[in-house]
Every structure is written in structure tokens, then in C-alpha cells.
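Understanding the architecture of this molecule
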Amino acid sequence: MSERFDVVIAGAGPAGAQCARDLAQRGYEVVLLELESEDEFPRQSNKSTAGTFPSMMASFGVPDDVVMNYTDDVVLESPSHHYVQNQPGAVLEFAEFKQWLVADAREKGAEVWFDARVSRPITEDGKPVGVRYNGDEEVYGDIIVDATGPAAPLAKDLGVSDLEREKQAIGVEYEMAGIDIDHPDYADLTDSMMLRLDHDLAPGGYSWIFHTGGDEAKVGLCYIQNDSHRRHGKEGMSIDDYLQYWLDTDPRFEDAERLEGKVHRGSAHIQTPGDLTTDSFMAIGDTVPTIDPLWGEGIHKGMQSGRVAATTADRCLTPEEPDTSRRRWRCTTSSGTARSPRGCASAC
Ligand SMILES: Cc1cc2nc3c(=O)[nH]c(=O)nc-3n(C[C@H](O)[C@H](O)[C@H](O)COP(=O)(O)OP(=O)(O)OC[C@H]3O[C@@H](n4cnc5c(N)ncnc54)[C@H](O)[C@@H]3O)c2cc1C
């Protein structure tokens, strides 16, 4: 017998795990399916620099334990200038943050199934009623949520998400020690998140140093492989080559070395979200995508979208006769507050 839940969520990233936390807290039966193994989680999906701000920490009750370093400033750097903005933030240990989200969702009553690769929706009369995972395994729900990030197997199959290859940003990052955090030729990066706009280092994108304490930092870069990248890029260089080029040429890295095993890489689409829903289905986080198009801040946005999805599901499942139709989603989300089904029908 296949199991049945109120809500089935694919993907235990910030968006999916937050959605599960909120739904479980409200007493719904929710299952979170994650493709990675629990003992290594997150290995492949440990991709984020995880710089964030107090508004995210406070809104979602993130504990100090998962913070590597609290920062005071955001520094913007160009090849010839820098600008310091006093803006408190936090650099998270992304793997521990994801583990905490999942543990908290479980504590609130959600089921979390690891080693569960979701492949496609199960539909009846064209409406999603469950998901297929690990080949031919099935799980059913009143509402299905795709939070698998750029993979988006459910949203793509249902025609909800249209992630364009041309808009895909790729990123790579090393955690490093021995960095000259306060070099005389540059801004003082002690307790700062620094973003550098420099086509020589990251054509069509930007690079960063996020201080994590002492002489250590997360150092990385990302870009979109678009016209700007092609115009400014160097023939035959991969993203790893660009990062190595920066490490070889910037005096702040003269005595720096990579911390073993601490390399993170991933991608996200930088494009305007299109559709988010169809009947009994919502797509959230990088699946949509919700990431900030300018600076790539995706954690807070993804968690907010997880919360909105949970609120919407709650509103649709609460009435004696639950209504999970697309028309219902629209009425719930467009105004922020839902109308009664009667009021909704007349308004529509
Ligand atoms: C290099 C880099 C640096 C970044 N730095 C920052 C930063 O400093 N600050 C910030 O706010 N944001 C940053 N981001 C963006 C941020 O990490 C993402 O926006 C955020 O992780 C999106 O969360 P999500 O839950 O939507 O998706 P994801 O984090 O992608 O999570 C998706 C989850 O779904 C799982 N999954 C995938 N496919 C399947 C499947 N078929 N079945 C089941 N499970 C599946 C994955 O294993 C993963 O656990 C960065 C991103 C990158 C790539």
C-alpha cells in the first residue's frame, strides 16, 4: 500500500524544509523526500556560501550553533575602489544549517525520507495526486510541493517551471585559511562579507570573500554564461580556472591554503518567476526561482516562499471541504489573505 499525507514535499533545502517545519507545526501530516543519504547529508547539495541577515535569522528562529561568523559590514569592491556599508549579517555553516532545519521539521512531527529521489508526479485526470520516487515507489498527498531547487522534476513535468539554460548561474567556492583579511591595499574584511565586481576575475558575475573568523574565509565566484560573460571571458577558461586565477594574482591569498574537503559548487537560475502553481501543486525556492537576481541571496527568499506555501496549504485544507484548486491558490496568494470560497467565487 502506498502511503498518503496531507502534503508531500520534494527536496530538503531551505525552502522545502521550512515548508515542512511550518506545516508540521500546524499539525499537518507532511513528508519531506530528499535524494541524498542521511549519513552524508548534505554532500552534493552543500553548495551555498550562506551569507544571510538578521531578518532571516529572527523570522525563522535560526540558532547561533549554525553560525560560523557574525559580520558587521558588506563591502563592495571593484578593480579600483571599494565601498563599505554597515549592514550586520551572519555567515552560516550551510551543512549544519540544513541538518538543523531537517531535525527541527522532524521534531515538529514531519516525516523525512532520505535516499528518496523524486522523478515525476502521479496524476489523475490531469491533476497531481502524488509523486513517484526511486523508480516505481509512490507516495500520495492532497498537496504536492516541488522544492528540489534547479532540478525541478515535478514543476517541469507539470509545465509550471520554465528554467532557461541561458539564465543559469554557476558558482564555486573554497573555504580557505591563511588569508590576509586586512591587507593595506584593500578594505578591511574583518567581520565582513565582500562582493567584488570585476570582469577579469568573474566575467558576467562577481566574486566574494566572506570572513568566517581568524584568517579564514569562504572564497568563491559565480557568473551566468550569457553575452556579458562571452564578451569579457577568456577563451577556454573554466569556472575553476577563474577562481585559481584570482587566488594566484590577489596578494591577500599569497599565504592562503584551501581547507581539505571544503569545496562547494552549485547553480541557480537568475530569471523572473513565471507560474508557481497548478491544481494541488506549488513550486518554491530555486525551483521557481525565488533567488534575488542581483546578489544571489536565495536562502531567505526560499524560506519565505516555503512559509507562503505552508500558509496557502493551511488555508486550502482548513475548510470542511478542502479546495486545492489552482483558482483557490490564486485567491489565497495574490492578496496575501484568502477570501472565503463564496467571496472568492464572486470576486473571480
Ligand atoms: C555557490 C553558491 C553560493 C551561494 N551563496 C548564497 C549566499 O551567500 N546567501 C544566500 O542567501 N544564498 C546563496 N546561494 C543561494 C542559495 O544557496 C539557494 O538559493 C538556496 O539554497 C535555495 O534553496 P532551495 O531549498 O530552493 O533549493 P536547494 O538548496 O537547491 O535544495 C534542494 C534540495 O532538494 C534536493 N533534491 C534535488 N533533486 C531532488 C529530487 N529529484 N528528489 C528529492 N530531492 C531532491 C537536493 O539534494 C537539496 O537538498 C548560493 C548558491 C550557490 C550555488
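Reading the values: rules and limits
Residues numbered from 1 in each chain as written. Predicted model: local features only at pLDDT ≥ 70, side-chain atom pairs only at ≥ 80, totals over all residues. Heavy atoms only, no water. Axes fitted to C-alpha atoms, helices over the stretch in contact; angles between N-to-C directions. Helix = DSSP H or I, 4+ residues; strand = E, 2+ residues; numbered from the N terminus. Parallel < 35°, antiparallel > 145°, perpendicular 65-115°, else oblique. Left-handed = near helix turned anticlockwise from the far one by under 90°. Contact = heavy atoms within 4.5 Å. Near = heavy atom within 4 Å. Polar contact = N/O pair within 3.5 Å; in protein donor to acceptor, adjacent residues only side chain to side chain. Areas by Shrake-Rupley, 256 points an atom, 1.4 Å probe, with all protein chains shown as cover. Nonpolar A, V, L, I, M, F, W, Y, C, P; charged D, E, K, R; others polar. Domains from an automatic or database assignment. Disulfide = S-S within 2.5 Å. Core = buried A, V, L, I, M, F, W, Y, C linked by side-chain atoms within 4.5 Å. Buried < 20%, exposed > 50% of the residue type's maximum accessible area, 1.4 Å probe, protein only. Buried area = accessible area lost by both parts, 1.4 Å probe. Salt bridge = Lys/Arg side-chain N within 4 Å of Asp/Glu carboxyl O. Right-handed = clockwise from strand over helix to strand, strands pointing away. Pairing = 2+ DSSP bridges.

Close contact between helix α1 (residues 14-25) and helix α3 (residues 94-107) brings their axes to 8 Å; oriented N to C, the two are set at 25°. In terms of orientation, α1 and α3 fall into the roughly parallel class. As for how α1 packs across α3, the hand of that crossing is left-handed. Each of P14, A17, Q18, A20, R21 and A24 in α1 lies in contact with α3, whose residues at this interface are F94, F97, W100, L101, D104 and A105.

So, on to the site of the ligand. With respect to spatial proximity, 35 residues lie near the ligand, and among them E34, K47, G51, K98 and D286 are the closest. A distance of 3.3 Å is found between a nitrogen atom of the ligand and a backbone nitrogen or oxygen belonging to T49. A distance of 2.8 Å is found between an oxygen atom of the ligand and a side-chain nitrogen or oxygen belonging to K98. Contact with the protein chains removes 93% of the 990 Å² of surface that the ligand exposes when unbound. Every element with two or more residues in the shell around the ligand is listed here: α1, α3 and β14 (257-269). Across the shell around the ligand, the residue classes tally to 15 nonpolar, 13 polar and seven charged. Shared between two domains, the shell around the ligand holds at least three residues of each, these being domain 1 (3-47 + 96-162 + 271-347) and domain 2 (56-92 + 166-269).

For the rest of this paragraph, the subject is the state of the cysteines. A full pass over the atoms with the stated rule returns zero disulfides. No disulfide involves C19; its sulfur sits 12 Å from the nearest other cysteine sulfur, which is in C316.

Another point: the nonpolar core. What tends to happen in soluble globular proteins is that the nonpolar side chains get buried as a cluster. Grouped together as the largest cluster of nonpolar side chains are 42 residues, with contacts concentrated most on V7, I9, L23, M56, L92 and F97. Elements supplying a minimum of two residues to this core: β1 (3-10), α1, β2 (30-33), α2 (54-60), β5 (82-92), α3, β9 (137-146) and α7 (299-317). Not counting chain neighbours up to four residues away, the residues in contact with I9 comprise G16, C19, A20, L23, V30, V31, L32, L33, V145 and A147. Judged by nonpolar contacts, the second largest core, of 22 residues, contains L189, A202, L243 and W246.

We now examine the domain arrangement of the protein. Splitting the protein by domain gives domain 1 (3-47 + 96-162 + 271-347) and domain 2 (56-92 + 166-269). Contacts between domain 1 and domain 2 engage 21 residues on the former and 20 residues on the latter. Contact with domain 2 buries area across many residues of domain 1, yet W100, Q271 and W295 alone supply 33% of it, more than any other trio. At the boundary of domain 1 with domain 2, the tally comes to zero salt bridges. Our count for the domain 1 to domain 2 interface comes out at four residue pairs in polar contact (both at pLDDT 80 or more). Taken together, the elements giving at least two residues each to the side of domain 1 that touches domain 2 come down to α1, α3 and α7. With five residues, the single largest contributor to the side of domain 1 that touches domain 2 is α7. Within the side of domain 1 that touches domain 2, the residues separate by chemical class into nine nonpolar, seven polar and five charged.

Turning next to the pattern of salt bridges. Tallied over the entire structure, the rule returns 19 salt bridges. D142 serves as the salt-bridge partner of R4, at 2.7 Å between the closest nitrogen and oxygen. Of the two residues, R4 sits in strand β1 while D142 sits in strand β9, which places them 138 residues apart along the sequence. Judged by relative accessible area, which is 47%, R4 ranks as partly exposed. By relative accessible area, D142 is classed as partly exposed at 29%. Between K234 and D200 there is a salt bridge; the shortest N-O distance is 2.8 Å. In this pair, K234 sits in the loop between α5 (227-232) and α6 (239-249) while D200 sits in the loop between β11 (192-196) and β12 (205-213), placing the two residues 34 residues apart along the sequence.

A few words now on the pairing of β2. Side-chain alternation along β2 places V30 and L32 on one buried face and V31 and L33 on a second face that is also buried. One crossover worth recording links β1 to the parallel β2 by way of α1, and it is right-handed. Sheet topology places β2 next to strand β6 (residues 111-113); three bridges connect them, and they run parallel. Bridge pairing links V31 to E111 in β6.

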